[in-house]
Amino acid sequence: MSQLIDGKLISAQVKEQVAKEVVSLKQQGISVGLAVVLVGDDPASKIYVGNKHRTCEALGIASHQYLLAASTTQQELLELVSQLNQDPAVNGILVQLPLPKHIDETTILNAIDPSKDVDAFHPVNVGKIMIGNFDLLPCTPAGIMDLIDATGVEISGKRCVVVGRSNIVGKPMAMLLLHENGTVTVCHSRTKNLQQICRRADILVAAVGKAKFVTADMVKPGAAVIDVGMNRDEAGKLCGDVDFEAVEPVAGYITPVPGGVGPMTIAMLMQNTLMAAKLQNG
Ligand code: GUN
């Protein structure tokens, strides 16, 4: 039997703290604002953007939503980003990914002012994370660090295995664990002996995007298992990258899906927006 890591509860605590600080900034005459840009009508993206909007409103953060047609050109989107970069009421800018195929994601992400880049996707912020001198953290890995912290499991000196090497999760996750003195291994689709490597992990982070990819034989008894996945199983039921039923009796700590990493990501976005507002106001 493992202990559940309650992302809903921990994210609620983070959001409560953010809301308090937003009030305190307002008392100093500083308002906090987040601009979220969605191009097109991808159903999943619409849900994510709606959640961000509602969370902003609940925490007293001004939500500036831009819901643009799928036919929006790259130039039009660049012009909007430029306008948001210059708008003092906007402290954070998030362009929801994926973008339609005719728009180059890198061009758009690189156009966002790094000090307003609440996703921490701009090369300046990615570089700062690499060095360990960062203000804005990538939301999902930052949320995972809080979840690990909540277990009380010490990262320093531990074997940490990250499965997945995406720019959004796997790579920055590995860096954050390394900064906390973990001994970090990053696995990916070409990794040999994946099962043995995962089985040595004290802290295992699964970010592969494949339903129930991590099975019980890949988990060290007592390990902390963090599941970043958001997939559908054969029956259409929401599930993670970890085979929860099989792994739960083996692990020491485990995040559920839903209710684990997901709620943390949005809480960290709010925390980043607050941090951006503080930095921009000295
Ligand atoms: N689409 C899915 N996840 C993310 C995210 O973390 N940031 C942005 N901008 N788009 C996403």
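Up top is the structure these notes are about.
So, here is what we can say about the structure in this document.

What counts, and at which threshold
Residue numbers restart at each chain and count upward from 1, following the sequence in its written direction. Given that the model is predicted, a residue must reach a pLDDT of at least 70 before its local features are reported, and side-chain atom pairs must reach 80 or more before they are shown or counted; all residues, however, enter totals for whole chains, interfaces and linings. Water and hydrogen atoms play no part in the side-chain values, which are based on all heavy atoms of the structure. The way it works is that DSSP assigns letters per residue, a run of H or I at least four long becomes a helix, a run of E at least two long becomes a strand, and they are numbered from the N terminus. In this treatment the radius of gyration is a C-alpha quantity, and the globule benchmark scales as 2.2 Å times the residue count to the 0.38 power. Each residue's exposure class comes from its accessible area (1.4 Å probe, protein chains only) as a fraction of the maximum for that residue type: buried when under 20%, exposed when over 50%, partly exposed otherwise. We call two residues in contact whenever any of their non-hydrogen atoms come within 4.5 Å of each other. Note on disulfides: each one is a pair of cysteine sulfur atoms within 2.5 Å. When a carboxyl oxygen of Asp or Glu lies within 4 Å of a side-chain nitrogen of Lys or Arg, that pair is called a salt bridge. Working definition: residue near molecule or strand if any one of its non-hydrogen atoms lies within 4 Å of it. Any N or O atom pair separated by 3.5 Å or less is treated as a polar contact, with the protein-specific requirement of one donor-capable and one acceptor-capable atom, and with residues adjacent in sequence counted only for side-chain atom pairs. Each accessible area is a Shrake-Rupley estimate made with a 1.4 Å probe; only the visible protein chains count as cover when residues are assessed. Charged residues are taken to be Asp, Glu, Lys and Arg, nonpolar residues to be Ala, Val, Leu, Ile, Met, Phe, Trp, Tyr, Cys and Pro, and polar residues to be all remaining types, Gly included. Whether two strands pair comes down to DSSP finding at least two bridges between them. In this description, a line fitted to the C-alpha atoms serves as the axis of each element, helices being fitted only across the stretch in contact, and the angle between N-to-C directions of two axes falls anywhere from 0 to 180 degrees. Handedness of a crossover is defined as follows: with both strands directed away from the viewer, a clockwise route from the first strand across the helix to the second makes it right-handed.

Now for the overall build of the protein. From N to C terminus, the protein includes ten helices and eleven strands. Over its C-alpha atoms the protein spans a radius of gyration of 19 Å, differing by no more than 12% from the 19 Å that the globule rule assigns to 282 residues. Burial analysis of the protein (282 residues in total) assigns 48% to the buried set. A sequence separation of at least 24 residues applies to 69% of the contacts in the protein between residues at least 6 apart.

Counted by the stated rule, this structure contains zero disulfides. Lacking any disulfide linkage, cysteine 160 is separated from the closest cysteine sulfur, that of cysteine 187, by 12 Å. The thiol of cysteine 198 is unpaired, and the distance to the nearest cysteine sulfur, on cysteine 187, comes to 5.0 Å.

Under the defined criterion, the tally for this structure stands at four salt bridges. For the salt bridge of aspartate 233 with lysine 212, the shortest nitrogen-to-oxygen distance reads 3.6 Å. Separated by 21 residues along the polypeptide, aspartate 233 in the loop between β9 (231-232) and β10 (238-239) and lysine 212 in the loop between β7 (203-206) and β8 (224-227) bring together distant segments of the chain. For aspartate 233, a relative accessible area of 14% corresponds to the buried category. Overall, the relative accessible area of 27% leaves lysine 212 in the partly exposed class.

Taken together, Leu94, Val95, Gln96, Leu97, Asp119 and Phe121 form the complete shell of residues around the ligand. Here valine 95 contributes a backbone N or O atom positioned 2.9 Å from a nitrogen atom of the ligand. The separation between a nitrogen atom of the ligand and a polar side-chain atom of aspartate 119 is 2.7 Å. Protein contacts shield 77% of the accessible area of the ligand, which totals 280 Å² for the unbound molecule. Looking at the shell around the ligand, its residues break down into four nonpolar, one polar and one charged.

Let's shift gears to the sheet that holds strand β4 (residues 92-95). Reading across the sheet, the three strands line up as β3-β2-β4 and stay open at both edges, with parallel pairing between neighbours. In the strand order of this sheet, the two ends are held by β3 (62-68) and β4, each with one partner. Across the sheet, the mean angle from the axis of one strand to that of its neighbour is 15 degrees, orientation sign disregarded. Summarising the sheet, strand β2 (residues 33-39) and β3 pair through seven bridges and their orientation is parallel. Across the sheet, residue alanine 35 finds its bridge partner in β3, namely histidine 64.

On to the pairing of strand β5 (residues 159-163). The element β5 is largely enclosed, with a buried count of four among its five residues. Sheet analysis places β5 next to strand β6 (residues 183-187), joined by five bridges and oriented parallel. Looking across to β6, one finds that cysteine 160 is bridged to valine 184. Taking the sense of rotation as the criterion, the β-α-β connection linking β5, helix α7 (residues 170-179) and β6 turns out right-handed. Pairing of β5 with β7, which is carried by four bridges, proceeds in the parallel orientation. Its bridge partner lying in β7, valine 162 is registered against valine 205.

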